[in-house]
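Survey of secondary and tertiary structure
Listed below are the residues making up each chain.
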Protein chains: 2
Amino acid sequence: MDTHAPRKRDGEQRRRELCDAGIQVLAEHGSRGLTHGQVDRCADVPEGTTSYYFRTRAALLRAVGKRVAEIDLANLRSVTERPLDPRAPFTHLAQLTLLQSRGPGLMLNRARHELLLHTTRDPELAEASTKVVSRTIELARDSLAHLQPGTADAELLNAQTNAVTTFITGVFTRLVAGDQTFNDPGQLARQLEAIAAAIAQEHRTAAPEGG
Amino acid sequence: MDTHAPRKRDGEQRRRELCDAGIQVLAEHGSRGLTHGQVDRCADVPEGTTSYYFRTRAALLRAVGKRVAEIDLANLRSVTERPLDPRAPFTHLAQLTLLQSRGPGLMLNRARHELLLHTTRDPELAEASTKVVSRTIELARDSLAHLQPGTADAELLNAQTNAVTTFITGVFTRLVAGDQTFNDPGQLARQLEAIAAAIAQEHRTAAPEGG
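The numbering scheme is per chain: residues are counted from 1 as the chain's sequence reads. Starting at A for chains and at 1 for ligands, labels are handed out in the order in which the entities are written. Residue-level local features of this predicted model are given only where pLDDT is at least 70; pairs of side-chain atoms are given and counted only at 80 or more, and the full residue set underlies all totals for whole chains, interfaces and linings. Remark: hydrogens and water are excluded; side-chain values derive from all non-hydrogen atoms of the structure.

The name given to chain A in an unreviewed UniProt entry is TetR family transcriptional regulator, with Mycolicibacterium confluentis as the source organism.

This is the structure:
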């Protein structure tokens, strides 16, 4: 048993490296560019390695998609473990978003964009991505709880969460398109706060007596 | 000369039909699924027809991308030729966005999503898409002009336009992902208005004396 453990660990390490190369290939060459051979070259491993670990292209795509979700969750954890400034409750969310504005984060963002349509067709991949979405929604709700302590209006909280996450989704897509407008987490945090306040204002106008 | 005219018209018609089939293939099978053979089958034309009109895959992708931009511009024209209710100035923009929430509009939306990374690599395609973006920005600016007549603060108008179009981009991406939260143009118009107002409020706080 013991003699197998290191090999298994090596195998997992190798899979992870191949998936990371797959993210880079997706980001640079799009979904069509993701082939076993291209991942071999990008990971600088012998031809056939990627095929050995992931027999089919569907298996490769699914593994790369799950790796994207895994990195997303790690990023979420690393951002949220820093203390939050209660006067700027959307800072975590803004930092998390703009992690993906350049470098490896932008690559991750582009790969996720390429995977989106595929995710709608693969329930197993959809499940991995749902986890990330749920954690992001939780983070938005935590931020809102800091912004307006004690608010128990579920409908309002839903509308605000929805607006804030939609705006962030828009930022992600614009970053993929090469837009460089968004680069200041402090400013983005203030915009998210303003949007949450605007939705509260609109909600009060629509239902003035707490309806 | 005259005898050639109908043939040329037929050729253009045929190209358009092939591009429309290409949009459907992109939306259903993703960028990797877009092959000449798949477009032939989707358009129900003899094998080899798509290759005859678009020799390479790059030519096919570019033609499909330009067709997406052409339909986008036609949709923009058809929405904006209806009279605008000055009390709900974002209605046109909201209608235009939610045109793409189902049916052929959702297909267009999904195809555009698949083309985005490709667009960043093809300057000719980027030019076609820039036209659509510019017209959408104009529409957002017109809506803002109705919301706050006489505002000449260029920095504020830019920030508002940016926020409104980012939110719309987020809606587009969520529709691609299968989200069905957004389906009421009136509600979306009110949200866009609230966001524009929030950005104005934040702008005033940041620069209270017209700085």
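Still to come is the rest of the account.
1. Looking at the overall build of chain A
Counting its secondary structure elements, chain A contains nine helices and zero strands. Note on conventions: DSSP H or I runs of at least 4 residues are helices, E runs of at least 2 residues are strands, and numbering of each starts at the N terminus. Mapped in sequence order, the helices and strands of chain A form the string α-α-α-α-α-α-α-α-α. Projecting the C-alpha coordinates of chain A onto the three principal axes gives extents of approximately 65 × 40 × 30 Å. Any residue under 20% of the maximum accessible area for its type is buried, any over 50% is exposed, and the rest in between are partly exposed; the area is computed with a 1.4 Å probe on protein chains only. Evaluated residue by residue, chain A yields a buried proportion of 47% over its 211 residues. Contact between two residues is taken to exist if any of their heavy atoms lie within 4.5 Å; hydrogens are not considered. Sequence-distant contacts in chain A: of pairs separated by 6 or more residues, those separated by 24 or more amount to 69%. Computed by Shrake-Rupley with a 1.4 Å probe, the accessible areas treat only the displayed protein chains as cover when residues are assessed. Total accessible area computed for chain A in this model is approximately 10900 Å², and 51% of it derives from carbon and sulfur atoms. Positive charge is attributed to Lys and Arg, negative charge to Asp and Glu, and no charge count is given to His or to the chain ends. Charge placement uses NZ in Lys and CZ in Arg. For Asp and Glu, CG and CD serve respectively. Each charge class in chain A was averaged separately, 26 positive and 26 negative side chains, and the resulting centres sit 5 Å apart.

2. Focus: the nonpolar core
Within this scheme, the nonpolar core is defined by two criteria: the residues are buried Ala, Val, Leu, Ile, Met, Phe, Trp, Tyr or Cys, and they are joined through side-chain atoms within 4.5 Å. The biggest cluster of nonpolar side chains holds 63 residues, and the ones touching the most others in it are Phe167 of chain A together with Phe167 of chain B. Among residues more than four places away in sequence, those in contact with Phe167 of chain A are Phe182, Leu188, Gln191, Leu192 and Ile195 of chain A together with Ala163, Thr166 and Phe167 of chain B.

3. A short note on the interface of chain A and chain B
Taken together, the 36 residues of chain A in the interface contact 36 residues of chain B. By convention, the term buried area covers the 1.4 Å-probe accessible surface removed from two parts as they join, with the contributions of both added. For the pairing of chain A and chain B, the buried interface totals around 3200 Å² over both sides, and the portion due to carbon and sulfur atoms is 60%. Just to be clear on terms, a salt bridge is a Lys or Arg side-chain nitrogen sitting within 4 Å of an Asp or Glu carboxyl oxygen. Across the contact surface, chain A and chain B share two salt bridges. Residue Glu202 of chain A pairs with Arg190 of chain B through a salt bridge whose shortest N-O separation is 3.5 Å. Here a polar contact means two N or O atoms within 3.5 Å. Within protein one must be a hydrogen donor candidate and the other an acceptor candidate, and residues neighboring in sequence count only if both atoms are side-chain atoms. There are 12 residue pairs in polar contact (both at pLDDT 80 or more) connecting chain A and chain B. For the side of chain A that touches chain B, the elements supplying multiple residues, two or more each, are α1 (4-33), α6 (103-121), α8 (154-176) and α9 (185-206) of chain A.

4. Remarks on helix α5 (residues 91-98) of chain A
All names here are of chain A. In terms of burial, α5 is largely enclosed, as seven of its eight residues are buried. Along α5, the residues that are buried comprise Thr91, His92, Leu93, Ala94, Leu96, Thr97 and Leu98. Buried residues belonging to α5 abut α4 (57-80), α7 (123-147), α8 and α9.

5. Some remarks on the state of the cysteines
All names here are of chain A. Pairs of cysteine sulfur atoms within 2.5 Å are what we label disulfides. Counting across every chain of the model gives zero disulfides over all chains. With no disulfide partner, Cys42 has as its closest neighbouring cysteine sulfur the one in Cys19, 12 Å distant. For Cys42, a relative accessible area of 30% translates into the label partly exposed.

6. Considerations on the pattern of salt bridges
Enumeration according to the criterion identifies 22 salt bridges over all chains in this entry. Because the salt bridges share partners, they merge into one network encompassing Arg62, Lys66, Asp122 and Glu124 of chain A.

7. Describing the side chain of Asp179 of chain A
All names here are of chain A. Considering the arrangement of structural elements, one finds Asp179 in the loop between α8 and α9. The exposure class of Asp179 is buried, given its relative accessible area of 18%. Within the local environment of Asp179, its side chain forms a polar contact with the side chain of Thr181, the two groups lying 2.3 Å apart.

8. Description of the relation of the copies chain A and chain B
Superposing chain A onto chain B takes a rotation of 180° plus a shift of 0.0 Å along the axis, which leaves an RMSD of 0.0 Å. What we have between these two chains is a two-fold relation. Within chain A, Gly170 of chain A has its C-alpha nearest the rotation axis, a separation of 1.8 Å. Residue by residue, 100% of the interface of chain A is reproduced at the interface of chain B, so both copies engage with the same surface. To line up the copies, we fit them by least squares on C-alpha atoms, keeping just the residues with pLDDT of at least 70 in both.

9. Thoughts on α7 of chain A
Residue and element names in this part refer to chain A. In a regular helix each residue adds 1.5 Å, so 25 residues correspond to 36 Å; α7 covers 35 Å between its end C-alpha atoms and thus fits that length. Among the residues of α7, those classed as buried are Leu125, Ala128, Val132, Thr136, Leu139, Ala140, Ser143 and Leu144. Where α7 begins, the capping side chain belongs to Asp122, and its oxygen is found 3.0 Å from the backbone nitrogen of Glu124. The span you would expect from a helix comes to 1.5 Å times its residue count less one.

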